[in-house]
Amino acid sequence: MPTKAEKQLNDKLARLGCILCRQKDVETTDTPTELHHCKRFGMPRKLSPIIPLCAFHHRLGDTSIHLAGAKKFTSYWGYSQEDLIEKTRDLLDDSLQKEG
Ligand SMILES: [Zn+2]
Ligand SMILES: [Zn+2]
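A. Layout of the nonpolar core. Residues Cys18, Ile19, Leu20, Ile51, Leu53, Phe73 and Leu84 are the most contacted members of the largest nonpolar core, which totals 19 residues. For this core, the elements supplying multiple residues, two or more each, are α1 (4-16), α2 (19-23), β2 (50-53), α4 (65-77) and α5 (81-98). Top element by residues in this core is α5. It accounts for 4 residues. If we skip the residues at most four places from it in the chain, phenylalanine 73 touches Leu20, His57, Thr63, Ser64, Ile65, Ala68, Gly78, Tyr79 and Leu84.

B. The coordination of the zinc ion (ligand 1), seen in detail. The protein atoms that coordinate the zinc ion (ligand 1) are Cys18 (SG), Cys21 (SG), Cys54 (SG) and His57 (ND1), at distances spanning 2.0 to 2.3 Å. Coordination at the zinc ion (ligand 1) comes from 4 donor atoms whose angles at the metal span 106 to 114°, giving a geometry best classed as tetrahedral. In primary-sequence terms, the residues that donate to the zinc ion (ligand 1) follow C-x2-C-x32-C-x2-H. Residue cysteine 21 is located in helix α2, and its partner cysteine 54 is located in the loop between β2 and α3 (55-60); the two are separated by 33 residues in the primary sequence. The two residues cysteine 21 and cysteine 54 agree in class, both being buried.

C. Local environment of α4. Relative to the 18 Å expected for 13 residues at 1.5 Å per residue, α4 spans just 10 Å between its end C-alpha atoms, considerably shorter than the ideal helical length. Within α4, the axis deviates most sharply at lysine 71, by approximately 80°. When α4 is considered as a whole, its buried residues turn out to be Ile65, Ala68, Phe73 and Trp77. Among the structural elements, α2, β1 (34-37), β2, α3 and α5 are those in contact with the buried residues of α4.

D. Local environment of the coordination of the zinc ion (ligand 2). For the zinc ion (ligand 2), the protein coordination sphere consists of His36 (ND1), His58 (NE2) and His66 (NE2), at 2.0 to 2.1 Å. Here the donor residues of the zinc ion (ligand 2) are spaced in sequence according to H-x21-H-x7-H. One end of the pair, histidine 36, is in strand β1; the other, histidine 66, is in helix α4, with 30 residues separating them in the sequence.

Procedures and definitions
Residues numbered from 1 in each chain as written. Chains lettered and ligands numbered in written order. Predicted model: local features only at pLDDT ≥ 70, side-chain atom pairs only at ≥ 80, totals over all residues. Heavy atoms only, no water. Core = buried A, V, L, I, M, F, W, Y, C linked by side-chain atoms within 4.5 Å. Buried < 20%, exposed > 50% of the residue type's maximum accessible area, 1.4 Å probe, protein only. Helix = DSSP H or I, 4+ residues; strand = E, 2+ residues; numbered from the N terminus. Contact = heavy atoms within 4.5 Å. Donors = N, O, S within 2.8 Å, 3.2 Å for Na, K, Ca; no water. Tetrahedral: all angles 85-135°; square planar, octahedral: opposite > 155°, others 65-115°. Expected span 1.5 Å × (residues − 1). Bend = angle between axes of the 7 residues up to and from the residue.

Dropping the structure here:
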């Protein structure tokens with residue numbers, strides 16, 4: 001079970017919208033944002049960084065992270081998971097600052 005703090009963070013992440021659509025200047029659709037755990041070797045899922053992705057970029061599209069795999073995803077979109085983790089962090093910092 002996620003703690004309250006984790007849940008709040010996840011809600012915030014989901015509200016950012018798809019992080020890849022943002023880079024691509026795609027009009028963010030109404031597709032609910034899904035949270036993708038970027039698994040790192042030797043790191044428990046709970047501690048792995050999370051990025052918000054739309055269903056298409058997450059698991060439905062041929063070039064989604066789950067169908068294409070990390071390598072193909074990166075070469076197709078030009079952003080690695082690490083890039084997107086960083087961008088998610090920046091956005092999150094911004095939104096936290098705005099809330100004061
Ligand atoms: Zn997307
Ligand atoms: Zn995922």
